[in-house]
Amino acid sequence: MAVETKAVKQPLQFSAPMVGLAGAFAGIFVGAANGSVLLGIILGFAILALLAFIALGVLDPKLEKPFKWGLIGVMALAGLLLGSLPGLVVGAIFGWFFGWFIYWIGMGRHRVPLQPYLTSGQVLWEYSFRVIAGAIFVFLITPILVVMPLSFNAEDFFTFTPEMLRFDPEGYSLKHYRDFFTSSEWQQALRNSLIIAPLATLLSVSFGTLAAIGLSSEHVPFRRAIMAILISPMIVPLIISAAGMYFFYSRIGLQGTLMGVVLAHAALGIPFVIITVTATLVGFDRSLTRAAANMGADPVTTFFRVQMPLILPGVISGGLFAFITSFDEVVVVIFVGSAQQQTLPWQMFTGLREQISPTILAVATILVAISIMLLTTVEILRRRSEKMRGMSPG
Amino acid sequence: MSTLKGSGPQTSDAPTPEDAFHEAAALDAREGEPPHGSGNGGPVLAADGTPLKRSLARALRAQKMRALALIAPLLIFVLLTFIAPIADMLFRSVENQIVRDTLPRTVEALADWDDTSGELPDDAVFDAAYTDIFLAAEYKLHTRLGSRLNYELTGVSSLFRKSGRGLDDIGEVYLDQFEDLDENWDEALPWAELMGTADSVAAYKAWVAAEENDEDFNDPIPAFEMRDDIADVLPRTAEAYSRFATFVRDEDEDSPFEEEPWTLVVTRLYEDLRDGDVSSYDGPRAEMLKAADALVDSPDFETADLKTAFGEIDEDWLDLRVWETIKMYSPAYTNGYFLNAVDMQKTTDGPALRDEDERIYGLLFKRTMFMSLVITFSCIALAYPVAYLLSTLPMRTANLLMILVLLPFWTSLLVRTSAWKVMLQQQGVINDVLVWLGLVADDGRLVMINNQLGTIIAMTHILLPFMILPMYSVMSTIPPSYVRAAKSLGATNWTAFWRVYFPQSVPGIGAGSILVFILSIGYYITPEIVGGTTGTFISNRIAYHISSSLNWGLAAALGTILLAVVLILYWAYDKIVGIDNVKLGG
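### Re the overall build of chain A
Next up, step 1: Of the regular secondary structure elements, chain A holds 15 helices and zero strands.
Next up, step 2: The C-alpha radius of gyration computed for chain A amounts to 29 Å, which surpasses the reference 21 Å derived for 394 residues by more than 25%, pointing to a less compact arrangement than a globule.
Next up, step 3: Dimensions along the principal axes, computed over C-alpha positions, put chain A at roughly 80 × 55 × 30 Å.
Next up, step 4: Taking all 394 residues of chain A together, the buried fraction comes to 51%.
Next up, step 5: As presented, chain A carries roughly 18300 Å² of accessible surface, and 72% of it is formed by carbon and sulfur atoms.
Next up, step 6: Of the charged side chains in chain A, 24 are positive and 19 negative, and the gap between their average positions amounts to 10 Å.

Structure representation (structure tokens):
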């Protein structure tokens, strides 16, 4: 940002009511939890406005640090009195937040990241917008974050038990993980997933890469039509693919076989390989293959020694997409597979429909960890390949 | 992203055989014109002496072939593993061979019946149905046909099951009387002697003798052969007996020598004796046959009328609707499944809407469309601010926040669905928090799952990344200077956004919306788990028909309609965004 905005101390008649409003908002919840919402709002407003007045108007600005720590302590203590151990944690978080908030508003620090010429209305809008966007990010991530702690539940409940909220070690256990690793059904499902997904990935990557290279050449007749056919497994609703495969594979005896499931999953993974590899090939310099041929390399050598190393990141990330497609896939495997091909997602689906046990949550947590690993790999590969092509500023 | 085309090594700048080809063609064209000055004449030649044009054309063709050869394996693979199944599904939605295959004679006889006359079909139809259903019951095909027709007329399934057992009674009437006359009529061998060639009967007798003498004798029973001339005397009996002989040999792996014939054969014998004359017959078992003929001609011989007999098995056979249904579904291809899928049915007057209370698919399609639209709009509403924020923040922060978008995108669908199930339940996390905060009374917990709300919340979450990513990639190409320019020209914030920024972000909204809409109308897993009964989609109905009600034809028809909708949207997506421009992971 070219123009620096200076933090200017705001007048008290602005900061105290602002902080008070935030306090009133927090008061709604504290009040609701303790009987009276109205009282909570009024008290919240009064207490926070007063605190803001003390911090900004009475105390020396140098006392900022001690004031913040003091606020955390006081709020935590108040929380402990109102709601025991969870209250203490919530209180401490409130204390930390308001300590920061009072000075952020009062000292005008909130204006620093913005352009200096904005009106206060625009500043308000800017921050409301960020709060809304933040709420959407919370919406995106909460379900995943909720699953993780619940998977350590000592009870067979799908919600937080009072013990868990009290941070009682008794409330937590690894028993669902133990279930997962000892149950023969889950282990069989894991094994199946680990057999099917790599085989399907291998098929789609090897066919897909070749085809992507063919498609990237300039003189392909019917390019659009071919592309539409190859991408269609991604677009056609899974239930329709599943139904069709179920009918067709039972005709040719593939229904209920490992082979059938692998072929079906490979077909579903192909669009991802095609998309990522063709995207990588956009930046591939064809004169390199001509140069290799010029120096006497035959097409196979050229492919493995020149072209492949350059497009490898794209191929790998396409492969990861294909892998996760198969590893996550449940609709097609339910119809095309039989009980012997039960995969992890299938087992989870059955578990969810019949609500057997929170073992599902343990599995979910493990799967989230796997996705994080895969996501990291793909991101690294993507950046690397973009850097290699000089496309990314980052 | 805007730099994608401009920077980086590009192939289009380099000369290609195609460019050269055009140049050569241009050269040739010039040479074809009346001479202007360059009098060299003759086409330009390549190094090996062939005309340049031809040699370039060859190079171009070789390149095309190589590209196709690289694509071919995958194309064949996808055609076999994916396109063929879809085609099979389309085929099944109109295929209706089963009625024609199981009841061939009935279908033929019914062709002459006028289904608007209001009268039952004539005896010929009942006679044909007797043979068809009897054979189908022996081959155990009648229940399959029954369940097929039951989709069209409830009750047919049990009707066919009952008839499979009951049709034996018709023949029993005659069999009992013949048996009283001569025990041999209920034995296998006398029948075989009557119907079979002398050679095969002799071979069988020799086989019996050999088996009695030798304990280790293990030869198979000699094959039975029909005698040709018996068909002249007892045409219908011979036909029925030959069907029986084939059945015993192929299905039971036994021999007509050792199995007494079906009651169907006995009925046919009665008919032959009634209508024909056996006095000239002098083959094996002539005495037995003549005695039976005399019995049939005597006035006390008890007979059974086919129509009455059918009515006794189940009075539904005297119901016009059963015969109408059979006639209506006798063609090998039917539009019946599609009519069912749009809440219509075939009637004798042509297709008609079902009764108000039987219409479910129209409602389901409408609900699927409506909920997909709601999901798409909530995705737009939630994705727009996020995409905007991501595109305006500095790169480093945007990349960090992008992880929050990509993590759900990469997380297993079932993990996210189970998370929503955990959160939305009445004893779930959200309700617990609300109760703890006192915003909701403990006995007034919100119902957020197993209804439309649950499906909409969960699916909006699941599909949100598919909206954010295309929006982000469009928004990050919009230069911020445009909005600043608008503002400096005096536009208010709102005008600057609405008249300048928003129109430029529309392609992103379009791409994301079509993608989300396509994905959501075909969703199965999430509605199945969090949708209950009111929050399910058409896909759930398709799955139900495949795995529970086993009405595959209807499932295929519903799937075909859904597929048509998706393909239209896919086509639109291709026109608007282009398939090649689909991006994964930002």
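Next comes the rest of the write-up.
### Things to note about the overall build of chain B
Next up, step 1: The helix and strand tally for chain B stands at 27 helices and two strands.
Next up, step 2: Relative to its length of 586 residues, chain B is extended, with a C-alpha radius of gyration of 38 Å against a globular reference of 25 Å.
Next up, step 3: Expressed along its principal axes, the backbone C-alpha trace of chain B runs to roughly 115 × 95 × 60 Å.
Next up, step 4: Taken across its 586 residues, chain B has 47% of its residues classed as buried.
Next up, step 5: Of all intrachain contacts in chain B linking residues separated by at least 6 positions in sequence, the fraction that spans at least 24 positions is 70%.
Next up, step 6: When the accessible surface of chain B is totalled, it reaches about 27900 Å², and 55% of it is carbon and sulfur.
Next up, step 7: Distance between charge centroids for chain B: 22 Å, based on 44 positive and 82 negative side chains.

### Notes on the domain arrangement of chain A
Next up, step 1: On domain assignment, one finds that chain A holds domain 1 (12-117) and domain 2 (184-356).
Next up, step 2: A C-alpha centroid distance of 54 Å is found between domain 1 of chain A and domain 2 of chain A.

### Looking at the domain arrangement of chain B
Frequently, the measure chosen for interface size is the accessible area that the parts lose on association.
All names here are of chain B.
Next up, step 1: Domain annotation for chain B reports domain 1 (17-29 + 43-92), domain 2 (104-166 + 312-357), domain 3 (168-306) and domain 4 (361-581).
Next up, step 2: Here domain 2 and domain 4 share an interface that buries about 760 Å² over both sides, 66% of which is from carbon and sulfur atoms.
Next up, step 3: Summed over the shared surface of domain 2 and domain 4, the number is zero salt bridges.
Next up, step 4: Joining domain 2 to domain 4, the criterion identifies five residue pairs in polar contact (both at pLDDT 80 or more).
Next up, step 5: Its residues assigned to classes, the side of domain 2 that touches domain 4 comprises five nonpolar, one polar and one charged.

### Some points on unusual backbone geometry
Next up, step 1: Backbone geometry at phenylalanine 222 of chain A places phi at a positive 55°, although glycine is not the residue there.
Next up, step 2: Relative to the helices and strands, phenylalanine 222 of chain A is located in the loop between α7 (184-216) and α8 (223-235).
Next up, step 3: Classification of phenylalanine 222 of chain A by relative accessible area gives exposed; the value is 66%.
Next up, step 4: The phi dihedral of leucine 550 of chain B is positive, around 60°, even though this residue is not glycine.

### Comments concerning the pairing of strand β1 (residues 344-347) of chain B
Residue and element names in this part refer to chain B.
Next up, step 1: Pairing between β1 and strand β2 (residues 350-353): four bridges, direction antiparallel. Following the sheet pairing, glutamine 345 is matched in β2 by alanine 352.
Next up, step 2: Adjacent in sequence and paired antiparallel, β1 and β2 are bridged by two residues.

### Details of the packing of aromatic side chains
All names here are of chain B.
Next up, step 1: Per the counting criterion, the structure on display carries 59 aromatic pairs over all chains.
Next up, step 2: With a centroid separation of 5.3 Å and an interplanar angle of 45°, the aromatic rings of tryptophan 317 and tryptophan 323 are classed as tilted.
Next up, step 3: Residue classification places tryptophan 317 among the buried positions, given a relative accessible area of 0%.
Next up, step 4: Residue class for tryptophan 323 comes out buried when judged on its relative accessible area of 0%.

### Describing the side chain of threonine 368 of chain B
Residue and element names in this part refer to chain B.
Next up, step 1: If you trace the backbone, threonine 368 turns up in helix α18 (residues 361-392).
Next up, step 2: With relative accessibility at 2%, the residue threonine 368 sits in the buried group.
Next up, step 3: A polar contact is formed between the side chain of threonine 368 and the backbone nitrogen of isoleucine 538, at a distance of 3.1 Å.

### Quick word on the interface of chain A and chain B
Next up, step 1: Each side of the interface is counted separately: chain A has 105 residues, and chain B has 102 residues.
Next up, step 2: Where chain A abuts chain B, roughly 9400 Å² becomes buried across the two surfaces, and 78% of that area is made up of carbon and sulfur atoms.
Next up, step 3: Contact with chain B buries surface across chain A, with Phe137, His219 and Phe247 of chain A losing the most and accounting together for 9% of the total.
Next up, step 4: Inspection of the region where chain A meets chain B yields two salt bridges.
Next up, step 5: Here aspartate 88 of chain B makes a salt bridge to arginine 251 of chain A, at a shortest N to O gap of 2.9 Å.
Next up, step 6: Taken together, chain A and chain B are joined by nine residue pairs in polar contact (both at pLDDT 80 or more).
Next up, step 7: The dominant element in the side of chain A that touches chain B, judged by the number of residues it contributes, is helix α4 (residues 120-150) of chain A, at 15 residues.
Next up, step 8: Residues that form the side of chain A that touches chain B fall into these classes: 76 nonpolar, 15 polar and 14 charged.

About the thresholds
- Residues numbered from 1 in each chain as written.
- Chains lettered and ligands numbered in written order.
- Predicted model: local features only at pLDDT ≥ 70, side-chain atom pairs only at ≥ 80, totals over all residues.
- Heavy atoms only, no water.
- Helix = DSSP H or I, 4+ residues; strand = E, 2+ residues; numbered from the N terminus.
- Rg over C-alpha atoms; globule rule 2.2 N^0.38 Å.
- Buried < 20%, exposed > 50% of the residue type's maximum accessible area, 1.4 Å probe, protein only.
- Areas by Shrake-Rupley, 256 points an atom, 1.4 Å probe, with all protein chains shown as cover.
- Lys, Arg positive; Asp, Glu negative; His and termini not counted.
- Charge placed at Lys NZ, Arg CZ, Asp CG, Glu CD.
- Contact = heavy atoms within 4.5 Å.
- Domains from an automatic or database assignment.
- Buried area = accessible area lost by both parts, 1.4 Å probe.
- Salt bridge = Lys/Arg side-chain N within 4 Å of Asp/Glu carboxyl O.
- Polar contact = N/O pair within 3.5 Å; in protein donor to acceptor, adjacent residues only side chain to side chain.
- Nonpolar A, V, L, I, M, F, W, Y, C, P; charged D, E, K, R; others polar.
- Pairing = 2+ DSSP bridges.
- Phe/Tyr/Trp six-rings, centres within 6.5 Å; stacked < 30°, edge-to-face > 60°.

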